[in-house]
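# Architecture at a glance
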Amino acid sequence: MSLAHGRPYLAIPGPSAMPDRVLRAMHRAAPNIYEGEIVEMTGQILADLRRVALSSGHVAIYISNGHGTWEAAIANLFSRGDTALVLATGRFGIGWAEHARAMGVEVEVMDFGLKAPADPGRLEAALRADTGRKIKAVLVTHVDTATSIRNDIAAMRAAIDAAGHPALLAVDCVASIGCDEFRFDDWGVDVMVGASQKGLMVPPGLGFVWVSDKAVAACRGSDLATPYWNWNPRIFAEAYYLHFAGTAPTHHLFGLRESLSMILDEEGLENVWARHRALAGAVWAAFDAWGQGGDLGLNVADPAFRGSSVTAARIGGGGAERLRAWAEEKAGVTLGIGLGMAEPGSAAAGDFLRVAHMGHVNAHMTLGTLAVMEAGLKALGIPHGEGGLGAAAAAIARAAV
Ligand SMILES: *Cc1c(COP(=O)(O)O)cnc(C)c1O
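Before going into details, it helps to say that this report is about the structure given with it. Here the structure is a predicted model, which means the values were calculated and not measured. Residue positions are given per chain, counting from 1 as you read along its sequence in written order. Owing to the predicted nature of the model, reporting of local features is limited to residues with pLDDT of at least 70; listing and counting of side-chain atom pairs is limited to 80 or more, with chain, interface and lining totals taken over all residues. Excluded from the side-chain calculation are hydrogens and water; included are all heavy atoms of the structure.

Further remarks concern the overall build of the protein. The helix and strand inventory of the protein stands at 13 helices and 14 strands. Atoms counted for the radius of gyration: C-alpha only. Globule rule: 2.2 Å times residue count to the power 0.38. Since a compact globule built from 401 residues should have a radius of gyration of about 21 Å, the 21 Å found for the protein is in line with a globular shape. Seen through its principal axes, the protein has C-alpha atoms that stretch 60 × 55 × 40 Å. Accessibility here uses a 1.4 Å probe with only protein chains present; expressed as a share of the type maximum, an area under 20% marks a residue as buried, one over 50% as exposed, and anything in between as partly exposed. A burial count over the protein gives 56% of its 401 residues as buried. Numbered from the N terminus, helices here are DSSP runs of H or I no shorter than four residues, and strands are runs of E no shorter than two.

So, on to the nonpolar core. Ranked by internal contacts, the top residues of the largest apolar core, which has 55 residues, are L87, W210 and L253. Contacts: residue pairs with any heavy atoms within 4.5 Å of one another. Setting aside its immediate chain neighbours within four residues, L87 contacts M110, F112, A118, L123, V138, L139, V140, T141 and M156. Residues enter a nonpolar core if they are buried and are Ala, Val, Leu, Ile, Met, Phe, Trp, Tyr or Cys, with the set joined through side-chain atoms within 4.5 Å. Counting residues in hydrophobic clusters, the runner-up holds 35 residues, among them F78, V86, A97 and V211.

Attention now goes to the packing of aromatic side chains. Each Phe, Tyr or Trp ring (for Trp, its six-membered ring) is paired with any other whose centre lies within 6.5 Å, and the angle between the two planes then decides the class: stacked below 30 degrees, edge-to-face above 60, tilted in between. On inspection of all chains with the given rule, the structure shows 8 aromatic pairs. When the ring of F182 is compared with that of W187, the centres are 5.3 Å apart and the planes differ by 75 degrees; the resulting orientation is edge-to-face. There is no split in this pair, since F182 and W187 are both buried. Through a chain of ring-to-ring contacts, the aromatic side chains of Y62, Y228 and W229 assemble into a single cluster. Over a ring means this: the NZ of a Lys or the CZ of an Arg is within 6 Å of the ring centre and within 35 degrees of the ring normal. Over the aromatic face of F254 sits the side chain of R28, whose NZ or CZ is 3.9 Å from the ring centroid.

With that settled, the discussion passes to the packing of helix α12 (residues 363–379) against helix α13 (residues 388–399). Close contact between α12 and α13 brings their axes to 10 Å; oriented N to C, the two are set at 170 degrees. If you check the angle between α12 and α13, you find them roughly antiparallel. Contacts from A363, L367, L370, A371 and E374 of α12 reach α13 at G388, L389, A392, A393 and I396. Three categories are distinguished: nonpolar for Ala, Val, Leu, Ile, Met, Phe, Trp, Tyr, Cys and Pro, charged for Asp, Glu, Lys and Arg, and polar for the others, with Gly belonging to the last. Of the residues belonging to the contact of α12 with α13, the class tally is 8 nonpolar, 1 polar and 1 charged. Between N-to-C directions, angles span 0 to 180 degrees; the directions come from axes that are lines fitted to C-alpha atoms, helices contributing only their stretch in contact. Should an angle fall under 35 degrees it is taken as roughly parallel, and over 145 as roughly antiparallel, whereas 65 to 115 is taken as roughly perpendicular and any remaining angle as oblique.

In this section: the sheet that holds strand β11 (residues 296–298). DSSP bridges decide pairing: two strands pair if at least two such bridges lie between them. Strand order in the open sheet made by the 5 strands is β1-β13-β14-β12-β11, with mixed pairing throughout. Since the sheet does not close on itself, it has two edges, and those belong to β1 (9–11) and β11, each with one partner. Ignoring strand direction, the axes of neighbouring strands in this sheet form an average angle of 35 degrees. In the sheet, β1 pairs with strand β13 (residues 333–337) via 3 bridges, with the strands oriented parallel. Across the sheet, the residue bridging to A11 is L335, located in β13. Where helix α11 (residues 319–331) meets the sheet, it contacts β12 (310–315), β13 and β14 (352–356), and its direction lies at approximately 155 degrees from that of β13. Docked against the sheet, α12 engages β1, β11, β12, β13 and β14, running at close to 80 degrees with respect to β13.

For this document, the term salt bridge refers to a Lys or Arg side-chain nitrogen within 4 Å of an Asp or Glu carboxyl oxygen. Enumeration over the complete set of coordinates arrives at 21 salt bridges. Residues D180 and R150 are paired through a salt bridge, measuring 3.0 Å at the closest nitrogen-oxygen approach. Residue D180 is located in the loop between β8 (168–172) and β9 (191–195), and its partner R150 is located in strand β7 (residues 149–150); the two are separated by 30 residues in the primary sequence. The exposure classification of D180 matches that of R150, with both residues buried. Between R157 and D190 there is a salt bridge, with the nearest N and O atoms lying 2.8 Å from each other. Residue R157 is located in helix α6 (residues 153–162), and its partner D190 is located in the loop between β8 and β9; the two are separated by 33 residues in the primary sequence.

In space, the 7 strands of this open sheet follow the order β2-β10-β9-β8-β5-β3-β4, with mixed pairing throughout. Only two strands of the sheet have a single neighbouring strand rather than two, namely β2 (58–63) and β4 (106–111). Across this sheet, the average inter-strand angle for adjacent strands is 20 degrees, counted without regard to direction. With 5 bridges joining them, strand β3 (residues 83–88) and strand β5 (residues 135–141) adopt parallel strand pairing. Its bridge partner being in β5, T83 is matched across the sheet by I135. With respect to the sheet, helix α4 (residues 91–102) is in contact with β3, β4, β5 and β8, its orientation differing from that of β4 by roughly 165 degrees.

Structural data, given as C-alpha cells:
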C-alpha cells in the first residue's frame, strides 16, 4: 500500500518549497512594463536584494537560473585569457570552473575533495606563488549543494589580503542566500551569485549577481561581456527595460517582492538563518543516532563546515537510492539524489542522498521528512541505530526556545 496520497513534499535542494503567498502574488494580470507599479517595485526589490546579502554594493537581475549567473559573473570578471583560481569543494565548484574554461578563461582548480572545506592556508600560498599577479579572481562556492560543505568566506578574504594579492573574491551563494549567514560587505566579497528558487522561495527563473564598487571598477571593459550578460547596463540602467535587457520577468518580480518581505520584514534575516540552522541540527541529530547502528552517516564530519540548507549523507549498500524510492512511492516525500559523490554506474552510485531544508520549511516539515526516512529504513530492513527521531525532536526542542 502507498501512503503517498496527500500533499507531496519535495525535499530536494532546489527548487525549494514555495509559500502559497508567493504563488498567489504571481497569479495576476500582466502589468504595464513601462511605468507604474512594477517600475517602483523593482527599485524596492533591488534595495531588498542588497539587504538580504548585507551588501552596500550593486545587484543585477538576470532572467536565468544559477548556471546563468555563473556565466554572468565570468563574463564580467574576465577577459579572454585571464586566469581564474577556483576553490572546489564539490560538483558545483567544478561546474563553475568548467563554465569559465569553456568561455576562454585560464582556470586553475584547487580541489579540496568532497569532505573538507577550502583551506585558506593553501589559498594564501597559491596567491603568494602568483608573483606575476595573473590570477584575476578567486571563485568559491559558499555552500556546495552536492557535498553540503560550507566554506568560510571571511577566511578566504583574509587569505587573499594576507598574500597581498589584488584578486577579486567571487562567491556562489545559490544554495545559501536566504538560508545561511552571509555578509557581503563585512566579509570583503566582490561578486556573489544567487538564484530565485532556493532560499528565496520563488520559482526557478531569476538569477542575481551582487557586485562591489571595487569589482565594477576592476571589470570595466572585460571582453567576455556580451550585451545580454554585461552587468553595467543592468546596474546603471538608464531606462527601465535595461535592468533586464528587455522585457521584465514581471510575475517572478511579484513573487520575489512577497518573499523578500517575508524574509526581511516579517521573520527577519537573522531568524531565517537561525531557523535553517535549527532544522539542519535536527537532520544531523537523526543521522548521528542512525549511524550508531548501521553503515550510514553525514558527509561532513565537522558541523562548523556544514551548510544550513542541505545535508549530504551516505547510506551504504545502495541504501540511499532504495530509501529515496521508498520515501517517494510510499510517503510522498522526494529526497535529493547524490550528486558528484560516486561514478555513475559504479558500485557506490546508489549510496548517496541529500536532504534539503531550504526555503519555506518549518519544524514539522523536517521532522516529518526524518520520520518518513526512519520508516523507510525499517521497511527496507536497512540497519540503523535507534533513537534518530527522538534526537531530532530534542534538537528542535532545544532550538525553539
Ligand atoms: C542550485 C545551484 C546552482 C545551479 O543553479 P541552477 O538554478 O540549477 O542552474 C549553482 N550553484 C549552487 C551552489 C547551487 O546550489
